[in-house]
Number of protein chains: 2
Amino acid sequence: SPLSETSAKKKMIFGDRGMTLEEEINESNKYYRSHDIAVIYKKPTPIQIVKVDYPKRSKAVIREAYFRHASTTDYNGVYNGYYVDFEAKETKNKNIFPLKNFHQHQIDHLKMCQKQGGICFVIIKYVELKRYFVTPADEIFLHWDAQKNDGPKSIQLKDIVNSSIEVKSDYNPTLPYINAVQQLIESGKEKK
Amino acid sequence: SPLSETSAKKKMIFGDRGMTLEEEINESNKYYRSHDIAVIYKKPTPIQIVKVDYPKRSKAVIREAYFRHASTTDYNGVYNGYYVDFEAKETKNKNIFPLKNFHQHQIDHLKMCQKQGGICFVIIKYVELKRYFVTPADEIFLHWDAQKNDGPKSIQLKDIVNSSIEVKSDYNPTLPYINAVQQLIESGKEKK
Ligand SMILES: [Mg+2]
Ligand SMILES: [Mg+2]
């Protein structure tokens, strides 16, 4: 019945507590900070402020402002001596990850950070599949650059599965992605 | 005469191009990024957005928003495999640096980042002296913690001079502070 369907849906949402990927990462970062595991923050959205009111006996109010294009990625910080930098991306697709989810400046930024010895990756959430992956930036670059040369406009799920470290949603932290970052660091050392 | 005084003042301002410390650092960061030396950005000011208008055929306008207290420092990024994190502080004092220029959350953040192996410091500009220092976070912690135990409310210039690496204002980059960061890293290695 429609009623039980709604109830089932509610239960399903309650399973991952209906959080967006960013909320899950922000909660995890709070956990990591409070346990001295890593210091990672979401960068604030850059805003161009045009007009500010300063009312008497009250705090300043921004009355006209515009969203600006971020020149970097969503998150950065420090983990165990390593600079980490990453984008968080959700998709409702089940079999592919469309490359149009990325902007050129995000790719450029990740490439620059990697060149400086940073640990760079993307956290992808397949919303419908409830699966999470820490995908090394190199894998994204591969497909991004291929697309620029008339390659496919999306990445197949099997390529993400093969190149990434899967992370299972959990409690405390909500999304224990630092374990995957540790694996990325270790596999990077093996290559050298 | 007052006229020649004004003219002298203008010339003086033109000498460092009348830039604030943040502008000098931002310009230097642009240089460092474009020369693949470091990827360091000023973090955007966090804003709490309350009301947004979405006019037809025009971009979104923020109509009500408030400044939020930043929970971190001004700058972070990656240099040669190292995570760097710092505050930029200007003072018009000539002999002291008042500790009230810092907020507890900035000290806490620097301590947490240092614990994770980050390279943490403060860039202090003595506006009247036209002198710039890269001061290790440890030196700031020392005075901050002493102040909490009824110690002095400011740091003497001689203590800054003795504990810091002085940086000379220049062109391309405007403020070549990465050289000082490199020295900080090397002196840190010696200690170990
Ligand atoms: Mg994102
Ligand atoms: Mg500052």
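Scroll up to find the structure.
First, a word on what this report is: a plain description of the structure on this page. Every value quoted in this text rests on a predicted model; they were computed, and no experiment measured them. Throughout this document, residue positions are counted from 1 along each chain, in the order its sequence is written. In the order they appear in the text, chains get letters beginning with A and ligands get numbers beginning with 1. For a predicted model such as this one, the threshold for reporting local features is a pLDDT of at least 70, and the threshold for listing and counting side-chain atom pairs is 80 or more; totals across whole chains, interfaces and linings nevertheless cover every residue. As a rule here, side-chain values cover all heavy atoms of the structure and leave hydrogens and water aside.

**Quick word on the overall build of chain A**
Item 1. By definition, any uninterrupted DSSP run of H or I lasting at least four residues is a helix, any uninterrupted run of E lasting at least two residues is a strand, and each is numbered from the N terminus. Within chain A, the secondary structure is distributed over six helices and ten strands.
Item 2. Pairs at least 24 residues apart make up 65% of the contacts formed inside chain A by residues separated by at least 6 positions.
Item 3. What sets the accessible areas is the Shrake-Rupley method with a 1.4 Å probe; for residues, cover comes only from the shown protein chains. Here chain A has roughly 10,600 Å² of accessible surface; of this, 51% comes from carbon and sulfur atoms. Residues are treated as being in contact if the distance between any of their heavy atoms lies within 4.5 Å.

**What about the nonpolar core?**
Item 1. The biggest cluster of nonpolar side chains holds 42 residues, and the ones touching the most others in it are A:Phe102, A:Tyr126, B:Phe102 and B:Tyr126.
Item 2. Those elements that place two or more of their residues in this core are helix H3 (104-115), strand S7 (119-126), helix H4 (137-148) and helix H5 (157-163) of chain A together with helix H3 (104-115), strand S7 (119-126), helix H4 (137-148) and helix H5 (157-163) of chain B.
Item 3. Not counting chain neighbours up to four residues away, the residues in contact with A:Phe102 comprise A:Glu87, A:Lys89, A:Phe97, A:Ile107, A:Val122, A:Ile140 and A:Trp144. The definition of a nonpolar core used throughout is a set of buried Ala, Val, Leu, Ile, Met, Phe, Trp, Tyr and Cys residues joined through side-chain atoms within 4.5 Å. Only protein chains enter the accessibility calculation, which uses a 1.4 Å probe; a residue is then buried when its area is under 20% of its type maximum, exposed when over 50%, and partly exposed in between.

**As for the environment of A:Val78**
Item 1. Within the secondary structure, A:Val78 sits in strand S4 (residues 75-79).
Item 2. Given the relative accessible area of 0%, A:Val78 is considered buried.
Item 3. Apart from the residues within four sequence positions on either side, A:Val78 is in contact with A:Ala38, A:Val39, A:Ile40, A:Val84, B:Tyr83, B:Cys113, B:Gln116 and B:Gly118.

**Brief notes about the coordination of the magnesium ion (ligand 1)**
Item 1. Donor atoms (N, O, S) are those found within 2.8 Å of the metal centre, with the cutoff raised to 3.2 Å for Na, K and Ca; water is not part of the atom list, so apparent gaps in a site can occur. The coordination sphere of the magnesium ion (ligand 1), as far as protein atoms go, consists of A:Asp74 (OD) and A:Ala88 (O), spread over 2.2 to 2.3 Å. Placement of the pair is A:Asp74 in the loop between strand S3 (61-67) and S4 and A:Ala88 in strand S5 (residues 82-91), with a sequence separation of 14 residues.

**Thoughts on the interface of chain B and chain A**
Item 1. With 37 residues of chain B at the interface, the matching set in chain A holds 37 residues.
Item 2. Roughly 3,200 Å² of surface becomes buried between chain B and chain A when both sides are summed, with 65% attributable to carbon and sulfur atoms.
Item 3. A pairing counts as a salt bridge when a side-chain nitrogen of Lys or Arg comes within 4 Å of a carboxyl oxygen of Asp or Glu. For the pair chain B and chain A, the number of links is two salt bridges.
Item 4. With a closest N to O distance of 2.8 Å, B:Lys115 and A:Asp36 form a salt bridge.
Item 5. In protein, a polar contact means a hydrogen-donor-capable atom and an acceptor-capable atom, both N or O and within 3.5 Å, with residues adjacent in sequence counting only if both atoms are side-chain atoms; elsewhere, any N or O pair within 3.5 Å suffices. Between chain B and chain A we count 13 residue pairs in polar contact (both at pLDDT 80 or more) in total. Here's the idea: put two parts together, see how much 1.4 Å probe accessible area each one loses, and the total over both is what we call buried area.

**Describing helix H2 (residues 21-34) of chain A**
All names here are of chain A.
Item 1. Here the expected span of a helix is defined as 1.5 Å times the quantity of residues minus one. Given a rise of 1.5 Å per residue, 14 residues ought to cover 20 Å, and the 20 Å separating the end C-alpha atoms of H2 matches this to within 8%.
Item 2. Looking only at H2, the buried set comprises Leu21, Glu24, Ile25, Ser28, Asn29, Tyr32 and Arg33. Projected down its long axis, H2 shows its buried positions confined to an angular sector of 170°, all on one face. The exposed residues of H2 that point more than 90 degrees off its buried face are Lys30 and Ser34.
Item 3. Directly after H2, the chain includes Asp36, whose backbone phi takes a positive value near 55°. Note: the arc covers the axis-to-C-beta directions of the helix.

**Overview of the packing of aromatic side chains**
Residues and elements named next belong to chain A.
Item 1. When the centres of two rings from Phe, Tyr and Trp lie within 6.5 Å, Trp using its six-membered ring, the rings pair. Their planes under 30 degrees apart give stacked, over 60 give edge-to-face, and anything left gives tilted. As enumerated under the stated definition, the model contains 15 aromatic pairs over all chains in all.
Item 2. Residues Phe86 and Phe121 carry aromatic rings whose centres are separated by 4.7 Å and whose planes lie at 10° to one another, so their mutual orientation is stacked. Here Phe86 is found in strand S5, whereas its partner Phe121 is found in strand S7, with 35 residues between them in sequence.
Item 3. On the accessibility criterion, Phe86 (0% relative accessible area) is buried.

**Describing unusual backbone geometry**
Item 1. Here A:Asn172 and A:Pro173 are connected by a cis peptide whose omega angle stands at -5°.
Item 2. You will see that A:Asn80, though not glycine, has its phi angle at about 50°, which is positive.
Item 3. Residue placement: A:Asn80 occurs in the loop between S4 and S5.
Item 4. Non-glycine residue B:Arg57 carries a positive phi angle of around 55°.
Item 5. Residue B:Arg57 is classed as exposed on the basis of its relative accessible area of 84%.

**Overview of the sheet that holds strand S8 (residues 131-136) of chain A**
Residues and elements named next belong to chain A.
Item 1. As summarised here, the arrangement of the six strands in space is S1-S4-S5-S7-S8-S10, forming an open sheet in which the pairing is mixed. Both edges of this open sheet fall to strand S1 (39-42) and strand S10 (165-167), since each of them pairs with a single strand only. Pairs of neighbouring strands in the sheet enclose a mean axial angle of 25°, with direction left out of account.
Item 2. Only the stretch in contact is used when a helix axis is fitted, and all axes are lines through C-alpha atoms; the angle between N-to-C directions ranges over 0 to 180 degrees. Those strands touched by H4 are S7 and S8, and its axis lies near 80° from that of S8. We call two strands paired when DSSP finds no fewer than two bridges between them.

**Considerations on the state of the cysteines**
Residue and element names in this part refer to chain A.
Item 1. Disulfides are defined as cysteine sulfur pairs within 2.5 Å. Summed over the entire model, instances satisfying the criterion amount to zero disulfides over all chains.
Item 2. Left without a disulfide partner, Cys113 is nearest to the cysteine sulfur of Cys120, which lies 5.1 Å away.
Item 3. Residue class for Cys113 comes out buried when judged on its relative accessible area of 0%.

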